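A closer look at the structure
Here's the letter readout for the chains.
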Amino acid sequence: MKRAFLVVIDSVGIGGAPDADQFFNGSVPDTGANTVAHIADGCAALSRGPLRLPVMDALGLGRAVTLASGATALGLDAEPTGAWGAATEVSRGKDTPSGHWELSGVPVPWDWHYFPDTQPAFPDDLTVKICQAAGTGGILGNRHASGTQVIEEEAARHIQTGWPIVYTSADSVLQIAAHEEHFGLDRLLKLCADLAPTLHAMRIGRVIARPFVGSVEDGFKRTPRRRDFAIAPPSPTICDDVQAAGKPVHAIGKIGDIFSMRGIDDVRKGADRDLMGHLGDLVDTASDGAFVFANFVEFDSEYGHRRDIPGYAGHLEWFDAALGDLLLRLRDGDLLIVTADHGNDPSWVGTDHTRERVPVLVHGMGPRALGLINFVDVAATVADHLGVTHSGKGKSFL
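What you see is a predicted model; the values in this text were computed from it and never measured.

Criteria and cut-off values
Residues numbered from 1 in each chain as written. Predicted model: local features only at pLDDT ≥ 70, side-chain atom pairs only at ≥ 80, totals over all residues. Heavy atoms only, no water. Salt bridge = Lys/Arg side-chain N within 4 Å of Asp/Glu carboxyl O. Helix = DSSP H or I, 4+ residues; strand = E, 2+ residues; numbered from the N terminus. Buried < 20%, exposed > 50% of the residue type's maximum accessible area, 1.4 Å probe, protein only. Pairing = 2+ DSSP bridges. Axes fitted to C-alpha atoms, helices over the stretch in contact; angles between N-to-C directions. Contact = heavy atoms within 4.5 Å. Phe/Tyr/Trp six-rings, centres within 6.5 Å; stacked < 30°, edge-to-face > 60°. Core = buried A, V, L, I, M, F, W, Y, C linked by side-chain atoms within 4.5 Å. Bend = angle between axes of the 7 residues up to and from the residue. Polar contact = N/O pair within 3.5 Å; in protein donor to acceptor, adjacent residues only side chain to side chain. Disulfide = S-S within 2.5 Å.

**Examining the pattern of salt bridges**
Here the structure, examined in full by the defined rule, presents 22 salt bridges. With a closest N to O distance of 2.8 Å, Arg63 and Glu79 form a salt bridge. Here Arg63 is found in helix 3 (residues 61–69), whereas its partner Glu79 is found in the loop between helix 3 and strand 4 (83–88), with 16 residues between them in sequence. When its relative accessible area of 33% is taken as the criterion, Arg63 is described as partly exposed. The closest approach of N and O atoms between Glu302 and Arg306, which form a salt bridge, is 3.3 Å. Residues joined by salt bridges that share partners form a network here, namely Asp19, Glu89, Arg92 and Arg355.

**Describing the sheet that holds strand 12 (residues 266–268)**
Pairing in this open sheet of eight strands is mixed, and the strands run 12-11-13-1-14-15-4-16 from one edge to the other. Of all strands in the sheet, those with a lone pairing partner are strand 12 and strand 16 (368–374), marking the two edges. Averaged over all pairs of adjacent strands, the angle between their axes in this sheet comes to 15°, without regard to strand direction. When strand 1 (residues 4–9) meets strand 13 (residues 291–296), the two strands line up parallel, connected through six bridges. Across the sheet, Ile9 pairs through a bridge with Phe296, a residue of strand 13. Where helix 12 (residues 309–329) meets the sheet, its contacts fall on strand 1, strand 13, strand 14 (335–339) and strand 15 (358–363), and the angle it forms with strand 14 comes to roughly 170°.

**Concerning the packing of aromatic side chains**
In this structure the tally under the stated criterion is twelve aromatic pairs. On the numbers, 6.1 Å between centres and 90° between planes, the contact of Trp101 with Trp110 is edge-to-face. For the pair formed by Trp101 and Trp110, the shared burial category is buried. Both rings, one in Phe259 and one in Phe293, keep their centres 5.6 Å apart while their planes meet at 50°; by these two values the pair is tilted. Of this pair, Phe259 sits in the loop between helix 9 (255–258) and strand 12 while Phe293 sits in strand 13, and the two are 34 residues apart along the sequence. Judged by its relative accessible area of 0%, Phe259 falls in the buried class. Joined through ring pairs, the aromatic side chains of Phe296, Phe299, Tyr312, Trp318 and Phe319 make up one cluster.

**Comments concerning the nonpolar core**
Residues Met56, Phe291, Phe296 and Phe319 are the most contacted members of the largest nonpolar core, which totals 89 residues. Element by element, the count of residues in this core is highest for helix 12, at ten residues. Setting aside anything within four residues of it in sequence, one finds Phe291 in contact with Ala4, Leu6, Ile238, Cys239, Val242, Pro248, Val249, His250, Val382 and Leu386. In this structure, Phe122, Cys192, Val207 and Ala209 belong to the second largest nonpolar core, which totals 23 residues.

**Re helix 6 (residues 147–161)**
Along helix 6, the sharpest kink reaches roughly 55°, centred on Glu154. All of the buried residues in helix 6 are Gly147, Val150, Ile151, Glu154, Ala155 and His158. Looking at the buried residues of helix 6, the elements they touch are strand 5 (140–144), strand 6 (165–168), strand 7 (173–179), helix 7 (180–201), strand 8 (206–215) and strand 9 (219–222).

**Some words on helix 7**
The largest bend in helix 7 comes to about 55°, at Arg187. Among all positions in helix 7, only Glu180, Phe183, Gly184, Leu188, Leu191, Cys192, Leu195, Ala196, Leu199 and His200 are buried. Next to the buried residues of helix 7 lie helix 5 (124–134), helix 6, strand 7, strand 8 and strand 10 (227–230). Where helix 7 ends, the next residue or the one after it, Arg203, has phi of about 65°, a positive value.

**Re the side chain of Thr136**
Looking at where Thr136 falls in the secondary structure, it is placed in the loop between helix 5 and strand 5. Classification of Thr136 as buried rests on a relative accessible area of 15%. In terms of polar contacts, Thr136 uses its side chain to reach the backbone carbonyl oxygen of Gly138, at 3.0 Å. If we ignore the near neighbours within four places in the chain, the residues touching Thr136 are Cys131, Gly162, Trp163, Pro164 and Arg187.

**Regarding the environment of Arg329**
Topologically, Arg329 is positioned in helix 12. Placed 49 residues apart in sequence, Arg329 and Gly280 show a C-alpha to C-alpha distance of 8.5 Å. Beyond its immediate sequence surroundings of up to four residues, Arg329 is in contact with Gly280, Asp281, Val283 and Asp284. Here Asp284 takes part through its side chain, which lies 2.7 Å from a polar atom of the side chain of Arg329. Among the polar contacts made by the side chain of Arg329, one reaches the side chain of Asp325 at a distance of 2.6 Å.

**With respect to the pairing of strand 4**
Among the six residues that make up strand 4, six are buried, leaving the element largely enclosed by the rest of the structure. Burial along strand 4 is two-sided: the residues Ala83, Gly85 and Ala87 and Trp84, Ala86 and Thr88 are all buried.

**Section: the state of the cysteines**
In this structure the tally under the stated criterion is zero disulfides. Just so you know, Cys131 is unpaired, no disulfide at all, and the nearest cysteine sulfur is the one on Cys192, 14 Å from it.

**Observations concerning the environment of Ala156**
Its location among the elements puts Ala156 in helix 6. Taking the relative accessible area as the measure of exposure, Ala156 reaches 41% and is therefore partly exposed. In the structure, Ala156 is positioned 93 residues away from Arg63 in sequence and 48 Å away in space, judged by C-alpha atoms.

The structure is reproduced here in structure tokens:
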């Protein structure tokens, strides 16, 4: 029996999306965005020294960057010992559900709805529904905003009035931030759950609860107890396929939320360093035939959106070192794929995701150039490796 591990390093794009000119940060198209290459460039210009990712580079990361975009990522030039390629997305979005669903074999069959970059951003009837569900006389925010910035700007008024902080972005999303003590974590989660059906009917992909703690004197900080209330995938995914074959599906991070727990047996959450511990536990203990699907979100949430090149670089180097330890513990017959769901170039304008191809780095099938492939091919490959019938799209690259 074999096992499969699919690890999504959220937002680690490698440029070159052929339709990047159709996606924008503000008025600037994403043409030329390249998360990994520009982080490598940024590191070379900083006193911190070059970007060092020996494990992923040995799997083929540097080659994948060049294949995807024609760019060279400084310092990533190893001869690959793994299988490597660059995947292209067809769904009309550069967001979490679109990327993950397509990696699982299901491209998004509709156009997402987005809130306009105006103030207010939300229609009056939706604002009334939010107030009714929250039991408040109004909301704060009501605009496109960076999550950390809007909390800094509105937290004091939030504590004073009890009104939730509601905001959006260039993604198809409605986010609600609230203080865990003053507003209440359970109350925030219930508010988002109650509003989700209304937003899903509008083709808004996710309602996200963004709890935070802190004070005016000491500052505010978001907690790891975020929860995404996402639209369920429109058709069976690789998770459903594996579960239907009687094999266990273990989710790590926000995977359970993205797939509305469909086709998933259990989920483990926490900050990225906690998630790496959970992934290591499953490398050691998951049964034959298991599928482990993990998302490491802090590349995106803590560094990409904040346009923090040194922070992003440091997180990549931490992940690379931890991945090296995991690879040594894998069993014969295991397949591990490292990929991403979209880009978030920290050198780019604005604070939103960037439309990019993503790396596909594979341990467990020997050195091989996979070429330019599609997101859905990842799901087909997992199904092929585990010997289960795949109901979605894609072609196995085994």
